[in-house]
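The lines below spell out each chain.
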Amino acid sequence: MTVDVTSPPEGAAGGRRPVRYARPTLAARAARVLRDNDTGAVITAAPRLYPHMWSWDAAFISIGLARLDLPRAVAELETLFKAQWRNGMVPHIVFTDDDAYFPGPDRWGTDNAVDGPRNARTSGICQPPVHAIAVQRMLEIARTSSPQDRADAERFARSIWPALYSWHRWLVEYRTPGSSGLVAIVHGWESGMDNSPRWDVPYAAVNPGEELPPYVRKDVRIIGDPSERPTDKEYDRYLWLIEEMRRAGYDQKEIVRSSSFLVGDVFITALFAVSCDVLIELGTEFGQPASQLADLAEWASRAREAVAASCHSVSGMARDRDLRANRWLDTQTIAGFSPLLCGGAPDEVQLRLLSLLDSDRWCGHPDLLAPVPPSVSPMRPGFNPRQYWRGPQWPVVNWLFGWAFERRGWHERARKLREAGLRLTDDGAFGEYYEPFTGEPLGSTDQSWTAAVVLDWLCADAD
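Residues numbered from 1 in each chain as written. Predicted model: local features only at pLDDT ≥ 70, side-chain atom pairs only at ≥ 80, totals over all residues. Heavy atoms only, no water.

A. Molecular detail of the packing of helix H5 (residues 131–142) against helix H6 (residues 147–175). Between H5 and H6, the shortest axis-to-axis distance is 9 Å and the interhelical angle comes to 170°. The angle between the axes of H5 and H6 places the two elements in the roughly antiparallel class. Across from His131, Ala132, Val135, Met138, Leu139 and Ala142 in H5, the residues of H6 making contact are Asp149, Arg150, Ala153, Glu154, Phe156, Ala157, Ile160, Leu164, Trp167 and His168. Per-class residue counts for the contact of H5 with H6 are 11 nonpolar, two polar and three charged. (Axes fitted to C-alpha atoms, helices over the stretch in contact; angles between N-to-C directions. Helix = DSSP H or I, 4+ residues; strand = E, 2+ residues; numbered from the N terminus. Parallel < 35°, antiparallel > 145°, perpendicular 65-115°, else oblique. Contact = heavy atoms within 4.5 Å. Nonpolar A, V, L, I, M, F, W, Y, C, P; charged D, E, K, R; others polar.)

Right, here's the structure in full:
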């Protein structure tokens, strides 16, 4: 698809959608979002609410950019990985000079972290490991473009492979404690699903001390409607966990040992398994060391087994594990479908999950504007259609499941998810997330990663 990046007319940004853009116009609007959010150094996650680079945002953004400008897509991920910590961690935020976001670099206090980068200011935690997926997707896109794009993408894939391997190794060395085999997180933000009800039980055990430094939130001022954002009580806990990390000097082993929050994240574990598979494919093609390919195969196998072992005996849904309290967390969210991302669960379990995903408890709910899986089932207690990860639909999660389904050979399912994602986002607002029944864009609009996945969907249809 050739994308015209001239500026089309503005659309409505809230309430029931009065407009649905034709696909060429929607593609032009998506391209414009990526162009307008480009500072020259990074594509910011969103123009007002998120003026920095976020780790998994950058991966999705690079996929969309590859449809427009392959060298710019390469530069985006290169910028992220220049901020990789020396122990291998890819930080969840790489800060720009903009101070319109809290918590900023001073609150994180990583400047003197032993393993931190010396050429960038970053947060002290990570996000889901989707970067190998992005590199492979960029390579696939470039190979349908020009000989020059193909050569550039292959050169990039070869050069970034060692950094990707180091990142995956970090997750094994520092984030697979105990016997569950699940990749652990020490903060809900690491999951990417910040205030998901997945974390309600372990967060309840986080007790902020009186010495928590005072703070002023900026997100609720920008959004205006606090109901769309996490609560102040949740933020107290978020910031207390940062305080604990600072006191531990960002020593990763000490953080895992002492953090008030330590949860085996089944969604990240599934993404880790399939990302290891992807990294093996890239490494095999580009002649990476056999010993490292063997490491990745072992890590993928263990992670896949851990995801399968987490599945509930009745529902089949995958579960996180509270590693502090040594118990399964049975809250049913979109993460419960993690085995569909990576495979490994028995066929009958995966069939049960596919049937559940299609049912009126999830994508088949009759009141959904588009059959995109919401972050929480509309039939679950506590479902909130407007609040962040407690009910709204997220286009990037839909992209991940569609990508995984395509990879697994479920082409018709992948096509349906792609069509549903375009139905959700065809108002051209590119919301961070969406109200499932009205399709109202929530959180930030002109969100870069939403624009990026829409571009990829549109161009995939035209390929």
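B. A look at the nonpolar core. Judged by nonpolar contacts, the single largest core of 150 residues is most densely connected at Phe60, Phe267, Phe337, Trp399 and Phe401. Considering each element in turn, this core owes the most residues, 13 residues, to helix H11 (residues 266–285). Residues contacting phenylalanine 60, with those up to four places away along its chain left out, are Val130, Val396, Trp399, Leu400, Trp449, Ala452 and Val453. (Core = buried A, V, L, I, M, F, W, Y, C linked by side-chain atoms within 4.5 Å. Buried < 20%, exposed > 50% of the residue type's maximum accessible area, 1.4 Å probe, protein only.)

C. Region of interest: the sheet that holds strand E4 (residues 263–264). Spatial ordering of the open sheet is given by E3-E4-E5-E6, a layout of four strands whose pairing is antiparallel. With partners counted over all chains shown, the strands left at the sheet margins are strand E3 (184–185) and strand E6 (327–329), one partner each. (Pairing = 2+ DSSP bridges.)

D. Representation of helix H16 (residues 411–425) in the model. Given a rise of 1.5 Å per residue, 15 residues ought to cover 21 Å, and the 21 Å separating the end C-alpha atoms of H16 matches this to within 8%. Along H16, the residues classified as buried are Ala414, Leu417, Arg418, Ala420, Gly421, Leu422, Leu424 and Thr425. If you follow the buried residues of H16, they end up packed against helix H1 (23–36), helix H15 (395–407), strand E7 (433–434) and helix H17 (448–462). (Expected span 1.5 Å × (residues − 1).)

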